[in-house]
2 protein chains.
Amino acid sequence: MSTSPRHYLRPLDKKQGRIDMSHGAGGRATHQLVAEVFKPAFSRTWPAGWQDAGDDGAVLPPLPEAANGGRLVMSTDAHVVAPLFFPGGDIGQLAIHGTVNDLAMMGAKPLYLTITCILEEGLPLSELIQVVHSMAEAACRAGVAVVAGDTKVVERGKGDGMYVSTSGVGWQRQGVSLSGGQARPGDAILLSGPIGEHGLAVLSQRQGLQFDSPIVSDCAPLHDLVERLLDTQAVVRVLRDPTRGGLATSLNEIAAASQVGMKLEESRIPVSPAVQGACELLGLDPLYIANEGKLLLICDPDDADKLLTVMRGHPLAAHAERIGEVTEDPHHFVQMRTRFGGWRMLDWLTGEPLPRIC
Amino acid sequence: MSTSPRHYLRPLDKKQGRIDMSHGAGGRATHQLVAEVFKPAFSRTWPAGWQDAGDDGAVLPPLPEAANGGRLVMSTDAHVVAPLFFPGGDIGQLAIHGTVNDLAMMGAKPLYLTITCILEEGLPLSELIQVVHSMAEAACRAGVAVVAGDTKVVERGKGDGMYVSTSGVGWQRQGVSLSGGQARPGDAILLSGPIGEHGLAVLSQRQGLQFDSPIVSDCAPLHDLVERLLDTQAVVRVLRDPTRGGLATSLNEIAAASQVGMKLEESRIPVSPAVQGACELLGLDPLYIANEGKLLLICDPDDADKLLTVMRGHPLAAHAERIGEVTEDPHHFVQMRTRFGGWRMLDWLTGEPLPRIC
């Protein structure tokens, strides 16, 4: 009995401690975990003067963005990547970037996030702490505040370390309209950089594979790149980050939604030699492998060069390419002219070549 | 290859089918699941004229509530209840009410929700469909639109059927200010009805326990009750739904946040005979058992009778009681005068008497 909910508990053993079922029960241990792990990390992301009152929800500051018109945008993502840590990132960073990027793909400025963590009994506290710090760091970099969260614990063998869901709101400025259904025949298709890195980085960590040149996840927040692209006032019709299912599936989604076809040039699609080599070795196709820091942009062809220049001037899109064009096609086929001059049909992803990569 | 992402797939077997890893891979099978299970259910919740464009996020309609001032509120909850179905509800209904109620406890009108589902390989499709319908039904009843979602699949033995996270935004009208830190000595403490039903209903289902009178979860959306309470213009300082940790833990949280003490009357705390009997049998204390359709209200004592009358006129709070008062206490103790006239200290919940109840 005490003025502090943590009075009766030993301090958390942040080095050797592990999550147990009491951390999810909503009593003293849950409060201790929130007070000693989550709150100190996420308080770094809060706007000046804003405080978490420990209530059931977060009252947001007024949105200055709303003064100039525009719309609120919401998005959410669950993350179940295995293993939790991989070259170039971890589940925490991925979970922040996942929702930041989904908001950015709507042309929205990401503002506020909420997070839920489902922890498996036995998870080392040190791993949780590392992930939470990674989330806070990624949120700070992306300029979003983590304002609410929830933690649950499941028994050993009913989870896999931790699962993280993020949800966010952002503000889409007046005049912006982006949707997978807006591609038109003649439009140019731009890609911000080389594909396949995230999925292969996770796979290599999971399987203990070693390549000559290590493959590192491209996991990155795309909101700043998007803001610069929208600042050009160019006619951008579609933005999409080709995550699960890879580039080929994202393009098929857009082709189906817009009722158009697409023709790509294989020689223009950037793939690093390391990814190309690993894919050949493993029998995988980089066109179907998830990315976490790349974007596809479909625009009026007259604006393509201007947008490509902006992309190439940004650190996250230095190797951007114009990879093809939208066509009129009643079958909504996505086709690719190969390096040998033939045409290859790019179907939707079927099956599950790379499970649990995001 | 086809104009439809589902062309190559057999129709979902909604009776005998099961979730497999391909449903989480982001390709044809994921699209089929979204198109045949999630979208038809959630489209019932959408505002007139609003359409899901299949993009990475949802652009919300303008908020008419914002015209009169006020603030945006966000909240989130993860749900890991086992089993998925229990007397009086299921994980779907619980997940909707969880976030609806958290927003309501902030005095906000719940407006838009997002949902993530983490599915275990092998989950019967029929169970998923039942849960999704339950979510849609609960959302319709609460007047909230489910505007975005994400589904992931984990291998058999890495989950437990399904986990559901919900996140929502609501609008807190101008002038409303509710927080666990606002209780003042002399304030009245009201409780909307009998406690302990949700946790015991889940436990009884999990353990196959049978009681003379069956115990049914009180799972319910509290936003309408809250709106009526706020409409009175009474001075409401704190609203809280006593979920995990039960009534005793919620009151301790408020006492700590407000730096006050509390004195309760055991004889005024409603507990049904069925719950009382089951608790005696199982060695549990109803004061620490989760509720999912009850609220605690702390208010200026002059307004207590008025608010109690409003509560008792509402179907979800017919058995509301004034259970005690806020006191000045440097130790922030929550104490209860027992039926025998003695005083009992109500500590925070410690340990994990009832895991996985929400």
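Every value quoted in this text rests on a predicted model; they were computed, and no experiment measured them. (Residues numbered from 1 in each chain as written. Chains lettered and ligands numbered in written order. Predicted model: local features only at pLDDT ≥ 70, side-chain atom pairs only at ≥ 80, totals over all residues. Heavy atoms only, no water.)

## Digging into the interface of chain B and chain A
Each partner contributes to the interface: chain B provides 86 residues, whereas chain A provides 86 residues. Taking both sides of the interface into account, the surface hidden between chain B and chain A amounts to around 7,000 Å²; carbon and sulfur atoms contribute 60%. Counting the contacts that link chain B with chain A gives 12 salt bridges. Across the pair B:R240 and A:D56 runs a salt bridge whose closest N-O atoms are separated by 3.9 Å. Across the chain B-chain A interface, the total number found is 37 residue pairs in polar contact (both at pLDDT 80 or more). Where the side of chain B that touches chain A is concerned, the elements lending two or more residues are α1 (28–42), β1 (58–59), β2 (71–79), α2 (91–105), β5 (108–120), β6 (145–154), β7 (162–172) and α6 (246–258) of chain B. Broken down by class, the residue content of the side of chain B that touches chain A amounts to 39 nonpolar, 29 polar and 18 charged. (Contact = heavy atoms within 4.5 Å. Buried area = accessible area lost by both parts, 1.4 Å probe. Salt bridge = Lys/Arg side-chain N within 4 Å of Asp/Glu carboxyl O. Polar contact = N/O pair within 3.5 Å; in protein donor to acceptor, adjacent residues only side chain to side chain. Helix = DSSP H or I, 4+ residues; strand = E, 2+ residues; numbered from the N terminus. Nonpolar A, V, L, I, M, F, W, Y, C, P; charged D, E, K, R; others polar.)

## Description of the relation of the copies chain B and chain A
When chain B is brought onto chain A, the operation consists of a screw motion whose angular component is 180 degrees and whose axial shift is 0.0 Å, with 0.0 Å RMSD remaining. Here the two chains are linked by the operation of a two-fold rotation axis. When the interface residues of chain B are mapped onto chain A, 100% of them again fall at the interface, so both copies present the same face. (Least-squares fit on C-alpha atoms with pLDDT ≥ 70 in both.)

## Quick notes on the domain arrangement of chain A
Residues and elements named next belong to chain A. For chain A, the assigned domains are domain 1 (21–172) and domain 2 (188–345). Distance between the C-alpha centres of domain 1 and domain 2: 28 Å. Of the residues lining the interface, 19 residues belong to domain 1; the matching set on domain 2 comes to 21 residues. The three residues of domain 1 that bury the most area against domain 2 are P87, N101 and M105, which together make up 35% of that side's buried surface. There are 7 residue pairs in polar contact (both at pLDDT 80 or more) connecting domain 1 and domain 2. Examining the composition of the side of domain 1 that touches domain 2, we find that 8 residues originate from one element, helix α2 (residues 91–105), more than from any other. For the side of domain 1 that touches domain 2, the residue count by class is 12 nonpolar, 5 polar and 2 charged. (Domains from an automatic or database assignment.)

## Details of the pairing of β2(B)
Taken across its 9 residues, β2(B) has 8 buried, putting it largely inside the fold. One ladder, built from 2 bridges, connects strand β1 (residues 58–59) of chain A with β2(B); its direction is antiparallel. Following the sheet pairing, A:V59 is matched in β2(B) by B:V73. (Buried < 20%, exposed > 50% of the residue type's maximum accessible area, 1.4 Å probe, protein only. Pairing = 2+ DSSP bridges.)

## Quick notes on the packing of aromatic side chains
Pairs of aromatic rings are described using the distance from one ring centre to the other and the angle between the two planes. Following the criterion strictly, the structure yields 4 aromatic pairs over all chains and no others. Between the aromatic rings of B:W46 and B:W50, the centroid separation amounts to 5.3 Å while the plane-to-plane angle is 70 degrees, which identifies the pairing as edge-to-face. Relative accessible area serves as the criterion here: at 14%, B:W46 is assigned to the buried category. The side chain of A:K263 reaches across the aromatic face of A:W343, ending 5.3 Å from its centre. (Phe/Tyr/Trp six-rings, centres within 6.5 Å; stacked < 30°, edge-to-face > 60°. Lys NZ or Arg CZ within 6 Å of the ring centre and 35° of its normal.)

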